[in-house]
Every structure is written in structure tokens, then in C-alpha cells.
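# Notes for the structure review
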Amino acid sequence: DAGVIQSPRHEVTEMGQEVTLRCKPISGHDYLFWYRQTMMRGLELLIYFNNNVPIDDSGMPEDRFSAKMPNASFSTLKIQPSEPRDSAVYFCASSLRGRGRNEKLFFGSGTQLSVL
Amino acid sequence: GQNIDQPTEMTATEGAIVQINCTYQTSGFNGLFWYQQHAGEAPTFLSYNVLDGLEEKGRFSSFLSRSKGYSYLLLKELQMKDSASYLCAVRDNYNTDKLIFGTGTRLQVFP
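Source: prediction; values computed, not measured. (Residues numbered from 1 in each chain as written. Chains lettered and ligands numbered in written order. Predicted model: local features only at pLDDT ≥ 70, side-chain atom pairs only at ≥ 80, totals over all residues. Heavy atoms only, no water.)

A word on unusual backbone geometry. All names here are of chain A. Cis peptide bonds are those with omega within 30 degrees of zero, and the linkage from serine 7 to proline 8 qualifies with -10°. Position of proline 8 relative to the elements: it lies in the loop between β1 (5-7) and β2 (10-13). The omega torsion of the bond from glutamine 80 to proline 81 falls at -5°, within 30 degrees of zero and hence cis. Turning to its location among the elements, proline 81 is positioned in the loop between β8 (74-79) and β9 (88-95). (Helix = DSSP H or I, 4+ residues; strand = E, 2+ residues; numbered from the N terminus.)

Counting residues at the interface gives 19 residues for chain B and 24 residues for chain A. Between chain B and chain A lies a buried interface of about 1700 Å² when both sides are counted; carbon and sulfur atoms form 53% of it. Considering only the side of chain B, the residues that lose the most area to chain A are Asp97, Lys98 and Phe101 of chain B, jointly responsible for 33% of the buried surface there. Taken together, the connections running from chain B to chain A amount to one salt bridge. Aspartate 56 of chain A is the salt-bridge partner of lysine 98 of chain B, the closest N and O atoms lying 3.0 Å from each other. For the pair chain B and chain A, the number of links is four residue pairs in polar contact (both at pLDDT 80 or more). When contributions to the side of chain B that touches chain A are tallied by element, the ones reaching two or more residues are β4 (32-37), β5 (44-49), β9 (84-91) and β10 (99-101) of chain B. Here the side of chain B that touches chain A takes three residues from β4 of chain B, the largest share from any one element. Grouping the constituent residues of the side of chain B that touches chain A by class yields ten nonpolar, five polar and four charged. (Contact = heavy atoms within 4.5 Å. Buried area = accessible area lost by both parts, 1.4 Å probe. Salt bridge = Lys/Arg side-chain N within 4 Å of Asp/Glu carboxyl O. Polar contact = N/O pair within 3.5 Å; in protein donor to acceptor, adjacent residues only side chain to side chain. Nonpolar A, V, L, I, M, F, W, Y, C, P; charged D, E, K, R; others polar.)

A few words on the sheet that holds strand β3 (residues 18-25) of chain B. All names here are of chain B. If you trace the five strands from one edge of the open sheet to the other, you get β1-β3-β8-β7-β6, paired in antiparallel fashion. The open sheet has two free edges, formed respectively by β1 (3-5) and β6 (53-57), since each of these has just one partner strand. In this sheet, adjacent strand axes meet at a mean angle of 15° when their direction is disregarded. Where β6 meets strand β7 (residues 60-65), five bridges bridge the pair, whose relative direction is antiparallel. Across the sheet, leucine 54 pairs through a bridge with phenylalanine 63, a residue of β7. (Pairing = 2+ DSSP bridges. Axes fitted to C-alpha atoms, helices over the stretch in contact; angles between N-to-C directions.)

This part covers the state of the cysteines. Residues and elements named next belong to chain A. The final tally for this structure, using the stated rule, is two disulfides over all chains. Residue cysteine 23 pairs covalently with cysteine 92 via a disulfide, S to S 1.9 Å. Its torsion about the S-S bond being -65°, the disulfide of cysteine 23 and cysteine 92 is classed as left-handed. Separated by 69 residues along the polypeptide, cysteine 23 in strand β3 (residues 19-24) and cysteine 92 in strand β9 bring together distant segments of the chain. Using a relative accessible area of 1% as the deciding quantity, one classes cysteine 23 as buried. (Disulfide = S-S within 2.5 Å. Buried < 20%, exposed > 50% of the residue type's maximum accessible area, 1.4 Å probe, protein only.)

This is the structure:
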């Protein structure tokens, strides 16, 4: 299995531009998570999906952020308009619900976003 | 509310033993995870505890005390490649699937 695939690996954009981050989860996984990581705040959960349905988006910072999962193999996180404070590493992770509730997250390589 | 505390940085010597502590205060509890993250890379799973006690896996062990809201990760026979950040994460409610991470402990191993 190729693991969780994210694109792009790096994104540099100017303030006000739209940014779209993409994620392909591991085939067969039923949960997908979007996290943001900064030095100050660590890994923050933004939103997660179960079977393509958004379950909890309470971590999405504001209306500029939106996420979709149109099918089991693809998700996007969009920022419009982007601001310098959005600069961070954005991770996508997927997991498969297990009986023991010990399911671990498999992370993608992340997207390093820089908003100038 | 939810609060997970870890030391920000630690240093140790190759071949030594190091213990990384994690304390948590959450509205509920259903499992604690440790992840390892090398610089510039994604976090990878290390261990899982849901019952009190010690879980051993090779050079790494993880301990949990639910009554104290406390866990530690023990790394033995340290190697240079163990230099990384170690993230403590808690699942705070059986009915949700959210994993809340601490800010991580950056461990540097010196020769």
C-alpha cells in the first residue's frame, strides 16, 4: 500500500489567494482527519470524516477554511482567502475502526504551506 | 476542557535511558497514544495504552496511570536515530474518534 498521499508537498502563495490541499487516504480506511501543525500549538485537529461524512469540524479556525470528501479515496482542504497566519504544515491522516478502539492514525507526508 | 502537558525538550546520551512524561486532563478518557515524529516527517505510531500498567515493545515501553492522568514513554539503549519529537495523544471520549495531541517533546540524543 502506498500509504496516505498528500499533495502538494510544498505550497508558497500570496495573501488573499486560494489554496487547495489534497489527500488520498489508505484504501479501505473509513476515517480521514485533517490536522495542522505549528511550533506554538503543535498538532491541531481541524476536521474529520467517517465514511466520507464530516463528523466534527469544530477545529476549523474560521469560515475561510472548508473541507470536502466527495468519495472514499479523496479529500480536499481549501483556504480562501489565505492569510500569513495560515502558514503551517497540514497533515492528512486515515484510520480503520477496530474492535479494540486502538486504531492508529496513518499520516501523510504533509503539505508545508507558506503564505506571504 | 482538554489539556495535555509534556516537557518541551530533553537531551540524553547514546546508550542511556530516557523517560518522557505526559500528564493529561480531559473530560473523559479512552486511550492514550505515543507517536514519534522525526524532523520534517510525518508522525508514526509507537504505542497505545488504555489500561493501567506498562506496555513493552522492544526498546520502547509506555506506562499509564488513569487515576493520576499520567503516562510516560521509556526509551532504552538510546540510539542517535531516536532523536525526534515524541507526541502524547489522548482519545477523550469513547463516543468520539478525536485524538488530541500534546505539543510534543523534542529529544536530542548525543554521542
